[in-house]
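One letter stands for each residue in the lines below.
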There are 2 protein chains.
Amino acid sequence: MTPLPPTPATREACAELDAADPIAAFRDEFVLPEGVIYLDGNSLGALPRAVPGRVADLVEREWGQGLVRSWNDAGWWDKPRTLGARLAPLVGAAPHEVVVGDGTSANLFKALVAALRLNPGRRTVLGEPGNFPTDLYVTQGVTDLLGAGQRLADPDEPGRIAEALAAGDVAVVLLSHVDYRTGALRDMAGLTKAAHDHGALVVWDVCHSVGALPVDLAGCGADFAVGCTYKYLNGGPGGPAFTYVAERHHASARQPIAGWHGHARPFDFAGEYVPAAGADRFLSGSQPLVAAAALEASLELWSRVDLRQVRAKSLVLTDLFRSVAESAGLAVATPRAAERRGSHVALRHPGGYAIVRALIERGVIGDFRAPDVLRFGFAPLYLRHVDVFDAAHALAEVVESGEWRDPRFSERAHVT
Amino acid sequence: MTPLPPTPATREACAELDAADPIAAFRDEFVLPEGVIYLDGNSLGALPRAVPGRVADLVEREWGQGLVRSWNDAGWWDKPRTLGARLAPLVGAAPHEVVVGDGTSANLFKALVAALRLNPGRRTVLGEPGNFPTDLYVTQGVTDLLGAGQRLADPDEPGRIAEALAAGDVAVVLLSHVDYRTGALRDMAGLTKAAHDHGALVVWDVCHSVGALPVDLAGCGADFAVGCTYKYLNGGPGGPAFTYVAERHHASARQPIAGWHGHARPFDFAGEYVPAAGADRFLSGSQPLVAAAALEASLELWSRVDLRQVRAKSLVLTDLFRSVAESAGLAVATPRAAERRGSHVALRHPGGYAIVRALIERGVIGDFRAPDVLRFGFAPLYLRHVDVFDAAHALAEVVESGEWRDPRFSERAHVT
């Protein structure tokens, strides 16, 4: 990795970086509300300008005028595959290794069950204690259902995963590529190899890395992966998720939600389930096409993006934010080394909730994760260096002035 | 049931019925393409005029301007519950017994597993041989996974279900309220009681009855039900499905796709899964809100509909179509008695595929289900009696003239 450029120390230096930014023009392709600096694109990505038109076209022309004919004429039937093929390069996969559909939780469920079945002599799922709750809950759901067990080990503590694998009973490892709280980035290649060396398969959750940095599922030898499209990929709130199935598992992987979209010959309407070839067998039923239209427009934009440029800018933005936060005396939970972090910065503070609320009132949107984590996400396609400079200094002011202690900022409501 | 009015024999008689139709005005609330008579609302419902505006509002204001704040400010987090409550009266359920989310296949999977767990001494799922393939495939997926078994019995042959139940090993019965091919309507109350009398639970698939006729899940004692929103409910292609969980099972039912939206306290981000109270525990992950917005607008329309009026008109429309089809010598697969049929009419003809294609070319859209079924669905909110008269006579002409024998109508493409 080339060394990082020095962190800009002044707003002028930030403006110079913006002027030279090779991906600066993408900002114009997004809708960004007046007076807001949006540091929550790691939770819900901003709206691409092309989306409303594409969604309206699907609703008014394909649905309204085409009606049921659009299943053929507008390519609706193949959407899980065509969107999967469009998404594939963003995760280092071949086009036929990715399908789009269902939500992350359901896809995790399918991938975990399929992986357990591919490793029938073993009954343990190795997870991480700090994973996103759905990953832990779905694992509990799967292990309860199948009489399997769960073990937890922290991938950010050196040696813990290897130690857990050494017991020799792990069927599947489920890890997040980037930790949803701390922003820690895991060594996908190394951990995958360690799992394989111990006879385990790996399911990667790439929700917090896809669109934030180059992801190389095939190059790392991943077996399965799931991810959402509504964070860095700007696919819209709750937009359809995706599943990666390594080609070597296409003939043998069997997922349990055996619906007709995953059938080898769905239009035979046969009584017997015969799984389709390839990743298609991970499909179940019809997908919400109005939502898929939003993702389609977003992925068109992403097809023009060079993820190496995104990554380079992300590292500068996160460093910039971090350095100001540290100067203001805030504890940083995100690893410092470039190769060990994703595209968000996590701070810890007992007043985290109120600080996030006070910042939102100033137009700087981040989020809070219990018990004490402030998260700030950096989406390089629509954030300028000057935005991050301003946001970081707003944060420093809120903390240093004690502004956040106003009781109204402590009143609880969901922050997602 | 009041006796049906006589079938109108002329186009003028149909026009008179339209003039007196108490639900005629709803037609103006739908977009209907020029030159088309749409008899496929049982596959994909027509577009309500209110949908494009509501979808655009969600995309441009709630997502574009509100961004992540809309999870709170626009009620996104509660959408599965608020939409469920809005849908509940259409299926005879209490507001807290229905949640909207995921697809029909995933919801079937959850309901079947939950029902099997509530009946732990038994391992057989009783299904029907002619059910929609996904129902059969999902059952196969569940029984393969759990080492349970499947038995099939035809609910339209008197005594078959009772016979199958008498073996005393049936844990769960999965039936469609209306058969997707023949349009046969099943006796939900009687079959549910028979199942309960033999110690079995019942999962009803109401995909082909919801919005077509009054459905009374609670009154019939149903345990679980699943259904889609994109047919008679006009929720949009592949729109979110729903799950009904009878209140008496709220404390004990456990579904396996244990995601964070089904957690009792999701914003604690706790490591341990604790299911939410009520039907909420059937939720898994985030739902595609752009698609949910379409459904929301559609359900607003449906909140003003009297399903008894829908049903009364549906019976006249289907009778009218049937009588013309019979006069043209076509075999009718749909039961004749009003209490034994839903809102579509199925015909059987070896040239069914080509006949459907020839009719589509004339602007009459129905569909085909292998091997030989022509389906015509009647959505009383946007179909006039004169439309059905014209469509039926177009069908008669296509068949009697031999027009359908033109080889171009036999070239195969998907018909969904």
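Reading guide: rules and limits
- Residue positions are counted from 1 within each chain, in the order its sequence is given.
- Think of it this way: whatever chain is written first is A, whatever ligand is written first is 1, and the rest follow in order.
- Totals for whole chains, interfaces and linings use all residues, but because this is a predicted model, local features are given only for residues with pLDDT of at least 70 and pairs of side-chain atoms are given and counted only at 80 or more.
- The side-chain quantities take in all heavy atoms of the structure and omit both hydrogens and water.
- UniProt positions are given in the numbering used here, feature names are shortened, and annotations may be inferred rather than shown by experiment.
- Each helix is a run of DSSP H or I of at least 4 residues and each strand a run of E of at least 2, with the numbering of both proceeding from the N terminus.
- All radius of gyration figures rest on C-alpha atoms, and the globule criterion is 2.2 Å times the number of residues raised to 0.38.
- We call a residue buried when its accessible area falls under 20% of the maximum for its residue type, exposed when it is over 50%, and partly exposed in between, using a 1.4 Å probe and counting protein chains only.
- Should any heavy atoms of two residues lie within 4.5 Å, those residues are considered in contact.
- All accessible-area figures derive from a Shrake-Rupley calculation using a 1.4 Å probe, and residue coverage is judged against the displayed protein chains alone.
- The charge count includes Lys and Arg as positive and Asp and Glu as negative, but it does not include His or the ends of the chains.
- Note on charges: their place is set at NZ of Lys, CZ of Arg, CG of Asp or CD of Glu.
- Centre distance within 6.5 Å is the pairing criterion for rings of Phe, Tyr and Trp, where only the six-membered ring of Trp is used; planes under 30 degrees apart are then read as stacked, over 60 as edge-to-face, and the remainder as tilted.
- In this description, the arc belongs to the directions extending from the helix axis to the C-beta atoms.
- Simply put, an axis is a line fit to the C-alpha atoms, just over the touching stretch for a helix, and the angle between two N-to-C directions goes from 0 to 180 degrees.
- Orientation is classified from the angle alone, with under 35 degrees giving roughly parallel, over 145 giving roughly antiparallel, 65 to 115 giving roughly perpendicular, and any other angle giving oblique.
- Take the far helix as your reference; a near helix turned counterclockwise from it by less than a right angle gives a left-handed crossing, and one turned clockwise gives a right-handed crossing.
- Each residue is assigned to one of three groups, with Ala, Val, Leu, Ile, Met, Phe, Trp, Tyr, Cys and Pro labelled nonpolar, Asp, Glu, Lys and Arg labelled charged, and all others, Gly among them, labelled polar.
- Salt bridges, as used here, are contacts in which a Lys or Arg side-chain nitrogen is within 4 Å of a carboxyl oxygen on Asp or Glu.
- In this description, strands pair whenever DSSP reports at least two bridges between them.
- Simply put, the buried area is the total loss of 1.4 Å probe accessible area from both parts when two parts are fitted together.
- In protein, a polar contact means a hydrogen-donor-capable atom and an acceptor-capable atom, both N or O and within 3.5 Å, with residues adjacent in sequence counting only if both atoms are side-chain atoms; elsewhere, any N or O pair within 3.5 Å suffices.
- The fit set for superposing copies consists of C-alpha atoms from residues with pLDDT of at least 70 in both; the fit itself is least squares.
- Grouping buried Ala, Val, Leu, Ile, Met, Phe, Trp, Tyr and Cys residues that are joined through side-chain atoms within 4.5 Å yields what is termed a nonpolar core.
- Crossover handedness is defined by viewing with both strands directed away from the observer: a clockwise path from the first strand over the helix to the second marks the crossover as right-handed.

Identification of chain A as Kynureninase from Marinitenerispora sediminis is taken from an unreviewed UniProt entry. Recorded under Subunit (unreviewed entry), the UniProt text for chain A is reproduced unchanged: "Homodimer." Under the UniProt heading Sequence similarities (unreviewed entry), the note attached to chain A is "Belongs to the kynureninase family."

### Thoughts on the overall build of chain A
Check the secondary structure of chain A and you find 13 helices and 15 strands. Here chain A has a C-alpha radius of gyration of 22 Å; the compact-globule value for 416 residues is 22 Å, and the two agree. Each of the 416 residues in chain A was classed as buried or not, and the buried ones make up 66%. Counting only contacts in chain A whose residues sit at least 6 apart along the sequence, the fraction spanning at least 24 positions is 73%. Total accessible area computed for chain A in this model is approximately 13600 Å², and 52% of it derives from carbon and sulfur atoms. Of the side chains in chain A, 40 bear a positive and 49 a negative charge, and the two mean positions are spaced by 3 Å.

### Let's talk about the packing of aromatic side chains
All names here are of chain A. With the rule as written, the count across this model stands at 35 aromatic pairs over all chains. Both rings, one in phenylalanine 132 and one in tyrosine 180, keep their centres 5.0 Å apart while their planes meet at 90°; by these two values the pair is edge-to-face. Within this pair, whereas phenylalanine 132 is found in the loop between strand E5 (124-127) and helix H6 (133-146), its partner tyrosine 180 is found in the loop between strand E7 (170-176) and helix H8 (188-197), the two being separated by 48 residues in sequence. Neither phenylalanine 132 nor tyrosine 180 differs from the other in exposure class; each is buried.

### Side note on helix H4 (residues 79-87) of chain B
Residues and elements named next belong to chain B. Among the residues making up H4, those that are buried are Lys79, Pro80, Leu83, Gly84 and Leu87. One side of H4 carries all its buried residues, which in axial view fall inside an arc of 130°. In this structure, the buried residues of H4 make contact with helix H2 (51-65), strand E4 (98-100), strand E10 (242-245) and helix H9 (289-302).

### What to know about the packing of helix H4 (residues 79-87) of chain A against helix H10 (residues 289-302) of chain A
All names here are of chain A. The N-to-C vectors of H4 and H10 enclose an angle of 25°; their axes lie 10 Å apart at closest approach. Judged by the inter-axis angle, H4 sits roughly parallel to H10. Our pair here, H4 against H10, has a crossing hand that is left-handed. Between H4, through Lys79, Leu83, Arg86 and Leu87, and H10, the contact on the second element is made entirely by Leu289, Ala292, Leu295, Glu296, Leu299 and Glu300. Its residues assigned to classes, the contact of H4 with H10 shows 6 nonpolar, no polar and 4 charged.

### Things to note about the pattern of salt bridges
Residues and elements named next belong to chain A. Tallied over the full model, the rule gives 68 salt bridges over all chains. In this structure, the salt-bridge partner of arginine 248 is aspartate 223, at a minimum N-O distance of 2.9 Å. Of the two residues, arginine 248 is situated in the loop between strand E10 (242-245) and H10 and aspartate 223 in the loop between helix H9 (217-220) and strand E9 (224-227); the sequence distance between them amounts to 25 residues. Put simply, arginine 322 and glutamate 326 hold a salt bridge, and the shortest N to O gap is 3.5 Å. With arginine 322 and glutamate 326 both in helix H11 (residues 307-327) and 4 residues apart, the pair spans about one turn of that helix. Arginine 322 gets classed as buried once you look at its relative accessible area, which sits at 7%. You can call glutamate 326 partly exposed: its relative accessible area is 29%. Overlapping salt bridges bring together Arg54, Asp57, Arg61, Glu62, Lys79 and Glu296 as one network.

### Focus on the UniProt feature "modified residue: N6-(pyridoxal phosphate)lysine" (unreviewed entry) in chain A
Residue and element names in this part refer to chain A. As annotated in UniProt, the feature "modified residue: N6-(pyridoxal phosphate)lysine" (unreviewed entry) corresponds to Lys231 in the numbering used here. Relative to the helices and strands, lysine 231 resides in the loop between E9 and E10. Of the residues examined, lysine 231 reaches a relative accessible area of 10% and is grouped as buried. When neighbours within four sequence positions are excluded, lysine 231 is seen to be in contact with Gly41, Asn42, Ser43, Leu44, Gly45, Cys207 and His208.

### Topic: the pairing of E7 of chain A
All names here are of chain A. By the criterion of burial, E7 is predominantly enclosed, with 7 of the 7 residues buried. Here E5 pairs with E7 via 3 bridges, running parallel. Of the residues in E7, the one forming a bridge with leucine 126 is valine 173. In the sheet, E7 pairs with strand E8 (residues 201-205) via 5 bridges, with the strands oriented parallel. Across the sheet, the residue bridging to serine 176 is aspartate 205, located in E8.

### With respect to helix H11 (residues 352-361) of chain B
All names here are of chain B. Judged by how many residues are buried, H11 sits mostly within the fold: 8 of 10 residues are covered. For H11, every residue scored as buried is listed here: Gly352, Tyr353, Ala354, Ile355, Val356, Ala358, Leu359 and Ile360. Buried positions along H11 lie against strand E13 (364-365), strand E14 (367-369), strand E15 (373-377) and helix H12 (385-401). One or two steps after H11, the chain reaches glycine 363, where phi turns positive at roughly 90°.

### Brief notes about the sheet that holds strand E6 (residues 149-152) of chain B
Residues and elements named next belong to chain B. Pairing in this open sheet of 7 strands is mixed, and the strands run E4-E10-E9-E8-E7-E5-E6 from one edge to the other. Each edge of the open sheet carries a strand with a single partner, namely E4 and E6. Across this sheet, the average inter-strand angle for adjacent strands is 20°, counted without regard to direction. When strand E8 (residues 201-205) meets strand E9 (residues 224-227), the two strands line up parallel, connected through 3 bridges. For tryptophan 204, the partnering residue across the bridge sits in E9 and is alanine 225. Strand contacts of helix H8 (residues 188-197): strand E7 (170-176) and E8, with the helix running at about 150° to E8, the strand carrying the most contacts.

### Describing the interface of chain A and chain B
Taken together, the contacts link 81 residues of chain A with 81 residues of chain B. Surface buried jointly by chain A and chain B totals about 6900 Å² across both partners, of which 70% is contributed by carbon and sulfur atoms. When the buried area of chain A at its contact with chain B is split by residue, Trp63, Tyr137 and Phe269 of chain A rank highest and sum to 12% of it. At the junction of chain A and chain B, the tally comes to 0 salt bridges. Our enumeration of links across chain A and chain B arrives at 18 residue pairs in polar contact (both at pLDDT 80 or more). Top element by residues in the side of chain A that touches chain B is H6 of chain A. It accounts for 11 residues. Split by residue class, the side of chain A that touches chain B holds 49 nonpolar, 23 polar and 9 charged.

### Focus on the relation of the copies chain A and chain B
Between the two copies of this chain, the relationship is a rotation about some axis together with a displacement along it. The two copies are related by a screw motion: chain A maps onto chain B through a turn of 180° and a shift of 0.0 Å along the axis, at an RMSD of 0.0 Å. A rotation of that kind, with that shift, is consistent with a two-fold axis. Ranked by how close their C-alpha atoms come to the rotation axis, the residues of chain A are headed by alanine 291 of chain A, at 2.5 Å. Of the residues that chain A buries at the interface, 100% are likewise interface residues in chain B, meaning the two copies contact each other through the same surface.

### Some words on the nonpolar core
One finds Phe321 of chain A together with Phe321 of chain B to be the most contacted residues of the largest nonpolar core, which totals 250 residues. If near-sequence neighbours (up to four positions away) are discounted, phenylalanine 321 of chain B is found in contact with Leu39, Val345, Leu347, Phe376, Phe378, Val388, Ala391, Ala392 and Leu395 of chain B. Within the second largest apolar cluster, 54 residues are counted, among which are Val125 of chain A together with Leu108, Val142 and Ala171 of chain B.

### Some points on the UniProt feature "binding site: pyridoxal 5'-phosphate" (unreviewed entry) in chain A
Under the UniProt annotation, the feature "binding site: pyridoxal 5'-phosphate" (unreviewed entry) is placed at Thr104, Ser105, Phe132, Pro133, Thr134, Asp135, Asp205, His208, Tyr230 and Trp260 of chain A. The largest pairwise C-alpha distance within this set of annotated residues, which runs over 157 residues, is 30.5 Å, so the set is dispersed in three dimensions. What makes serine 105 of chain A buried here is its relative accessible area of 3%. If sequence neighbours within four positions are ignored, serine 105 of chain A has contacts with Thr134 and Val138 of chain A together with Ile257, Gly259, Ser284 and Gly285 of chain B. Inspection of the secondary structure puts threonine 134 of chain A in helix H6. If we skip the residues at most four places from it in the chain, threonine 134 of chain A touches Ser105 and Leu108 of chain A together with Ala258, Gly259, Trp260 and Ser284 of chain B.

### Some thoughts on the pairing of E8 of chain A
All names here are of chain A. Counting buried positions over the 5 residues of E8 gives 5, a clear majority of the element. By the alternation rule, side chains of E8 split into Leu201, Val203 and Asp205 and Val202 and Trp204, which are all buried. Considered for its hand, the β-α-β crossover made up of E7, H8 and E8 is right-handed.

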